[in-house]
Amino acid sequence: MSTDHRWERLRRAAERAVAGHPSLAGWQRQVLSRFLVESRAGWHTHVHTALPEVPSGHADVLLIGPRGVLAVVVRDHEPDPDEVRTVLRNASESFLGLRVPAGVVSEAVVRPVVVLPAGREPSKRSIGHHLTVTEGTLDRVLDRGERRLTKRDVETLTAHLSAHRSEFTRLVPQLEPVPAEAGAELFDLEDLAQDRFDAALDGPFESWLTFLDDSQHAMVRRDYSGPARISGPAGTGKSVVALHRLVRMARNSVGPLLFTTFASNLPPIAQRSFQRLAPEIGDRVRFDHLHRWAREFLQSRGRALQVKSSETCFSLAWSKFGKHTRLAELNRHEYWRDEIDRVIKGRGITALAEYQSLHRTGRGLRLTAADRELVWRLHEHYEQIRRERGLHDHNDVFTEARAELEREPLPRPLAGVVVDEVQDITLVGLRLLHTMAGDRLLLVGDGQQQIYAGGWRLSDAGIPIKGRGEVLRTNYRNASRILEWAQRFDATNQVDDLDGAAGFSLRESVATLRGGEVVSWSDRPEGLEEALVDAVRGQAEPDDIAVLTFRNPDADRWRKVLRRNGIPVRGLEGWTGERDGKVRVGTVHRAKGLEFRAVFVPELPAEEGFDERSRDLRELGQRARLVALTRARDLLWVGPPRVEG
Ligand SMILES: Nc1ncnc2c1ncn2[C@@H]1O[C@H](COP(=O)(O)OP(=O)(O)OP(=O)(O)O)[C@@H](O)[C@H]1O
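In the annotation of an unreviewed UniProt entry, the entry for the protein chain reads DNA 3'-5' helicase, and the organism field reads Saccharopolyspora gregorii. According to its UniProt record, the protein chain has this under Sequence similarities (unreviewed entry): "Belongs to the helicase family. UvrD subfamily."

Pasting the structure below:
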């Protein structure tokens, strides 16, 4: 029997099934009929038994299929977003706590869809809340988007719904038997368009879009009565939980939301993931690094600051007021630049007396009162030079933005702010975030992955998170051999769970992925380039590969090496997660929060001998190394240790 005939039989069967709902409008029957026809692509249709008089706050139809669960409202006018929110909440509760082999079903699997008659325009109010389609554009939800469920998952969710929600009944198109004289065999639904059905249900998909483990699920659902924090070692799904929680925050509110980090390249990549997870909400969430948010905010208040990194002004101050003092004997000039940037200004210290009594967490070198006085002088000169030139540094932007917000709050308060990689933001940045978000702040990070100087504690920022701190422990990223290898480097790290209490370290985390490969290359140094190029060539997909270095000049050099050997490369700066057939080469600072199937670390910084002056550098180096090694999923290729000059 031809596909056309089969399709026609299915269409007729769908119409017969829908005929049992005579009180529906003609167009609504057609929509329902279309849902039933899509059983050929794996969609199961459950209709509310009260249709068309479904009580407010409940879906007319729940569709379960390869692209998740759709809570559908079929109306001739756009319902209020509040009503759709209730529909979504009720529908999500139908699957609460449901466990399948891949984990607990996340509420993000359920998506709200409003269907209007053909030709009706979706209202602007729906943007960022639910997806509105018309009778004529149903393909947008039935045929497009991420695949989230396997065939078995669809069956499990269908059985669960049938068992637990008696107000929904499954509608199945009953095919007429094919007359024997036509010579055709009896066939079931899956015969109708087997290819389409299989393609829809059996393609690859990423389980994080739909399934969480128990602790992740609990973190996403918990109602926090104030700012909260999620920590845990690399690869434990902190960012995944952050994105699912963002969906929940968005669904339970009406205002704008923000996902932010200190680094500039992570927000667009997170945005891409979020679009896959909850495209209908995408418009309400801004993904941007904190510095740009603050600058634009100040600009919107008529205060366009001229921003420059502290480098030039510091160099001037140092050559006049630092280099000939005892500070030069105590440590290298970068240390003092960090002291001003991350400690004095980064913590918002405005008086010498305050600086004198400060506990300088994670800075290594101890300073006497006289040393601190010298540093303070250097800082004052730096500030003077900066002001004379009419410039502002990054910390000034945060401080000014906070002062401005305190003077006049945002016209539309943020409904939620999620901060990823929070361990790298300075204290003044954190205070700004707290002022921006108040209780609706979620901080996500791992003290062990801090790669910028100047440790701090949440308590220093005055952000009360007591009782609202959670820790993830199971590693989902690194195959076990890679995790075990990386864990060897863990021993001397000082871990802090962002709040001063002892943290949970990478060493204690457990891998879920078996296998993996670590290649520790150690031959003649002259052979390193050739060995790396050969190993990169041996990999199938350039997009899945990253070559990571610890300094910008090294990244430039390795880019040149690969290019010279005909391997297409690109930097990690400005990369937003797209696949372009190129190997990514960049510094570990740009690789934070990212992951790759294969990671090459051609020059792993050697463990330096202990020296009080460089303790901070040593610890930063250890943490950067840990970040690099834990970016790898299946293959980690490491060159010989390099002693920094
Ligand atoms: N419950 C889960 N089931 C399957 N995969 C998961 C789960 N949770 C997270 N993952 C996967 O594990 C990997 C690491 O997740 P994620 O990037 O969120 O970790 P992270 O803790 O933020 O890591 P890092 O601190 O190194 O940035 C991702 O590929 C993610 O899709």
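A. Layout of the sheet that holds strand S12 (residues 285–289). Spatially, six strands are ordered S12-S11-S13-S14-S10-S15 in an open sheet, and the strand pairing comes out parallel. Since the sheet does not close on itself, it has two edges, and those belong to S12 and strand S15 (469–471), each with one partner. The sheet shows a mean angle of 15° between the axes of neighbouring strands, direction not considered.

B. Representation of the pattern of salt bridges in the model. By the definition in use, this model includes 54 salt bridges. Ionic pairing is found between Glu603 and Arg557, a salt bridge with its closest N-O pair at 2.8 Å. In this pair, Glu603 sits in the loop between strand S22 (596–601) and strand S23 (604–605) while Arg557 sits in helix H22 (residues 552–564), placing the two residues 46 residues apart along the sequence. One network of salt bridges, in which partners are shared, links Arg272, Asp543, Arg570, Glu578, Asp580 and Arg584.

C. Main features of the UniProt feature "binding site: ATP" (unreviewed entry) in the protein chain. Feature annotation in UniProt assigns "binding site: ATP" (unreviewed entry) to the following positions: Gly232, Pro233, Ala234, Gly235, Thr236, Gly237, Lys238 and Ser239. Tracing the sequence through the fold places Gly232 in the loop between strand S10 (228–231) and helix H9 (238–251). Setting aside residues up to four positions removed in sequence, Gly232 forms contacts with Lys238, Gly445, Asp446, Val471 and Leu472. Note on Thr236: relative accessible area 1%, which makes it buried.

D. How the structure looks around the packing of aromatic side chains. Tallied over the entire structure, the rule returns 10 aromatic pairs. Ring centres of Trp485 and Phe489 lie 5.3 Å apart, and the angle between their planes is 55°; this geometry places the pair in the tilted category. Across this residue pair, the class does not change: Trp485 and Phe489 are buried. Following the ring pairs from residue to residue traces out a cluster consisting of Phe259, Phe274 and Phe287. The ring of Tyr335 is capped by Arg363, whose NZ or CZ atom sits 4.1 Å from the centre of that ring. Above the ring of Phe504, the side-chain terminus of Arg473 is found at 4.5 Å from the ring centroid.

E. Region of the structure containing the site of the ligand. Among the 22 residues in the neighbourhood of the ligand, the closest are listed as Gln216, Lys238, Arg477, Glu595 and Arg631. Between the ligand and Gly237, the relevant distance is 3.0 Å, taken from an oxygen atom to a main-chain nitrogen or oxygen of the residue. The contact in question runs from an oxygen atom of the ligand to an N or O atom on the side chain of Glu595, over 2.5 Å. Protein burial of the ligand: of its 640 Å² of free accessible surface, 91% is covered by the chains.

F. View of the pairing of S12. The element S12 is extensively covered by neighbouring structure, given that four of its five residues are classed as buried. Here strand S11 (residues 257–261) pairs with S12 via five bridges, running parallel. Looking at S12, one finds that Phe259 is bridged to Phe287. Handedness of the crossover joining S11 and S12 through helix H10 (residues 266–277): right-handed.

Rules of the game
- Residues numbered from 1 in each chain as written.
- Predicted model: local features only at pLDDT ≥ 70, side-chain atom pairs only at ≥ 80, totals over all residues.
- Heavy atoms only, no water.
- UniProt positions renumbered as here; feature names shortened; annotations may be inferred.
- Pairing = 2+ DSSP bridges.
- Helix = DSSP H or I, 4+ residues; strand = E, 2+ residues; numbered from the N terminus.
- Axes fitted to C-alpha atoms, helices over the stretch in contact; angles between N-to-C directions.
- Salt bridge = Lys/Arg side-chain N within 4 Å of Asp/Glu carboxyl O.
- Contact = heavy atoms within 4.5 Å.
- Buried < 20%, exposed > 50% of the residue type's maximum accessible area, 1.4 Å probe, protein only.
- Phe/Tyr/Trp six-rings, centres within 6.5 Å; stacked < 30°, edge-to-face > 60°.
- Lys NZ or Arg CZ within 6 Å of the ring centre and 35° of its normal.
- Near = heavy atom within 4 Å.
- Polar contact = N/O pair within 3.5 Å; in protein donor to acceptor, adjacent residues only side chain to side chain.
- Areas by Shrake-Rupley, 256 points an atom, 1.4 Å probe, with all protein chains shown as cover.
- Right-handed = clockwise from strand over helix to strand, strands pointing away.

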